[in-house]
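Results of the structural survey
One letter stands for each residue in the lines below.
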Amino acid sequence: MPTDIKITTELLYQGALIFVLMDAIYIPLLIWRVSEETFRRLKWSLVIAAAFVWYGIWAWAIGNFWETVYSYVFPAWAQTWVPWIAFVLAGCVALVLWMLALRLKWKVVLTYCLLGGALGSLTHIWAVYRGVVTKPPMLQGASPLAAVILAFFEYIFYWCNILAIARILDWMRTRLKNRSLA
């Protein structure tokens, strides 16, 4: 990655707007295609999908931005272990989000995605505390608020993808099961 790229507050807000637009399309589609009954069935598919998606996100992020961003926020051992830690934690988090979405007695898909967004904001508040917008030259001067707002909508998008993948896994499992019964 080129080291002369500068992430500005304006760029973070533009990124947030792009995620808002994608979320505004994605969430209604998921609400339409994933009923509460179907969502209940997705428990383990969500765990599996989340583990692999977050492993991939972190492997890509660490692989591409270790020198320019993450080496300023994480200890050296994290370069190897963060994707694997994300694999385990994301599966656990998916399970917790699934349980909360069902317990809150609201629209489960919307709740699941919004909780994922809230998690994104919390993780980025922690990252701001660790210096993500002050230490890496690439991010120096960017607004901490913009980083937290971007994270909310970015993570909604990630959890929408996880939900969509889990739904596809469930659909494939159901088709295979029905074929074996025929």
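What you see is a predicted model; the values in this text were computed from it and never measured.

What follows is about the overall build of the protein. For the protein, the helix and strand inventory stands at 6 helices and 0 strands. In the protein, the succession of helices and strands from N to C terminus is α-α-α-α-α-α. The C-alpha radius of gyration of the protein comes to 18 Å, within 12% of the 16 Å expected for a compact globule of 182 residues. Structurally, the protein occupies a C-alpha span of about 60 × 30 × 25 Å along its principal axes. Counting across all 182 residues of the protein, residues that qualify as buried make up 43%. Counted over contacts in the protein with a minimum sequence separation of 6, partners at least 24 positions apart contribute 80%. For the protein, the accessible area works out to roughly 10400 Å², and carbon and sulfur atoms hold 71% of it. Between the mean site of the 15 positive side-chain charges and the mean site of the 8 negative ones, the protein shows a separation of 14 Å.

This structure, assessed with the given rule, holds 4 salt bridges. Where Asp170 meets Arg167, a salt bridge forms, and the shortest distance between an N and an O atom there is 3.3 Å. A residue pair is termed a helical-turn pair when its members lie 3 or 4 positions apart in one helix, as Asp170 and Arg167 do in helix H6 (residues 144-181) at 3 residues. For Arg173, the salt bridge goes to Asp170, with nearest N and O atoms at 2.8 Å. With Arg173 and Asp170 both in helix H6 and 3 residues apart, the pair spans about one turn of that helix. A relative accessible area of 41% means that Arg173 is categorised as partly exposed. For Asp170, a relative accessible area of 0% gives the class buried. Each of the salt bridges in this network shares a partner with another, and the network as a whole consists of Arg41, Arg167, Asp170 and Arg173.

A few words on the packing of aromatic side chains. Under the definition given, this model contains 18 aromatic pairs. A centroid spacing of 5.5 Å and a plane angle of 70° characterise the contact between Phe39 and Tyr112, whose relative ring orientation is edge-to-face. Of the two residues, Phe39 is situated in helix H2 (residues 36-41) and Tyr112 in helix H5 (residues 108-130); the sequence distance between them amounts to 73 residues. Exposure class is identical for Phe39 and Tyr112. Each is buried. Residues Trp58 and Phe74 carry aromatic rings whose centres are separated by 5.9 Å and whose planes lie at 70° to one another, so their mutual orientation is edge-to-face. Linking Trp58 in helix H3 (residues 43-65) with Phe74 in the loop between H3 and helix H4 (78-103), this pair joins segments that are 16 residues apart in sequence. Judged by its relative accessible area of 16%, Phe74 falls in the buried class. The rings of Phe39, Trp54, Tyr112, Tyr155, Tyr158 and Trp159 are connected pair by pair, giving a single aromatic cluster. Geometry around Trp32 places Arg33 over its ring, the cationic atom sitting 4.8 Å from the centre.

Our next topic: the packing of H3 against H4. It is at 7 Å that the axes of H3 and H4 come closest, and there the two elements cross at 150°. By the angle class used here, H3 and H4 are roughly antiparallel. Considering the relative orientation of H3 and H4, their crossing is right-handed. Every residue of H4 that contacts H3 at Lys43, Trp44, Leu46, Val47, Ala50, Ala51, Phe52, Trp54, Tyr55, Trp58, Ala59 and Ile62 is listed here: Gln79, Val82, Pro83, Trp84, Ala86, Phe87, Ala90, Gly91, Ala94, Leu95 and Trp98.

Before going further, it helps to examine the environment of Glu10. Relative to the assigned elements, Glu10 resides in helix H1 (residues 9-33). Considering only alpha carbons, one finds Glu10 and Ala146, 136 residues apart in sequence, at a separation of 8.3 Å.

A few words now on the side chain of Ser143. Take Ser143: it is sitting in the loop between H5 and H6. The exposure class assigned to Ser143 is buried, which follows from its relative accessible area of 17%. Each residue touching Ser143, except ones within four places of it in the same chain, is listed here: Thr9, Leu12, Tyr13 and Val133.

Rules and cut-offs
Residues numbered from 1 in each chain as written. Predicted model: local features only at pLDDT ≥ 70, side-chain atom pairs only at ≥ 80, totals over all residues. Heavy atoms only, no water. Helix = DSSP H or I, 4+ residues; strand = E, 2+ residues; numbered from the N terminus. Rg over C-alpha atoms; globule rule 2.2 N^0.38 Å. Buried < 20%, exposed > 50% of the residue type's maximum accessible area, 1.4 Å probe, protein only. Contact = heavy atoms within 4.5 Å. Areas by Shrake-Rupley, 256 points an atom, 1.4 Å probe, with all protein chains shown as cover. Lys, Arg positive; Asp, Glu negative; His and termini not counted. Charge placed at Lys NZ, Arg CZ, Asp CG, Glu CD. Salt bridge = Lys/Arg side-chain N within 4 Å of Asp/Glu carboxyl O. Phe/Tyr/Trp six-rings, centres within 6.5 Å; stacked < 30°, edge-to-face > 60°. Lys NZ or Arg CZ within 6 Å of the ring centre and 35° of its normal. Axes fitted to C-alpha atoms, helices over the stretch in contact; angles between N-to-C directions. Parallel < 35°, antiparallel > 145°, perpendicular 65-115°, else oblique. Left-handed = near helix turned anticlockwise from the far one by under 90°.

Nothing here speaks to function; it is geometry throughout.
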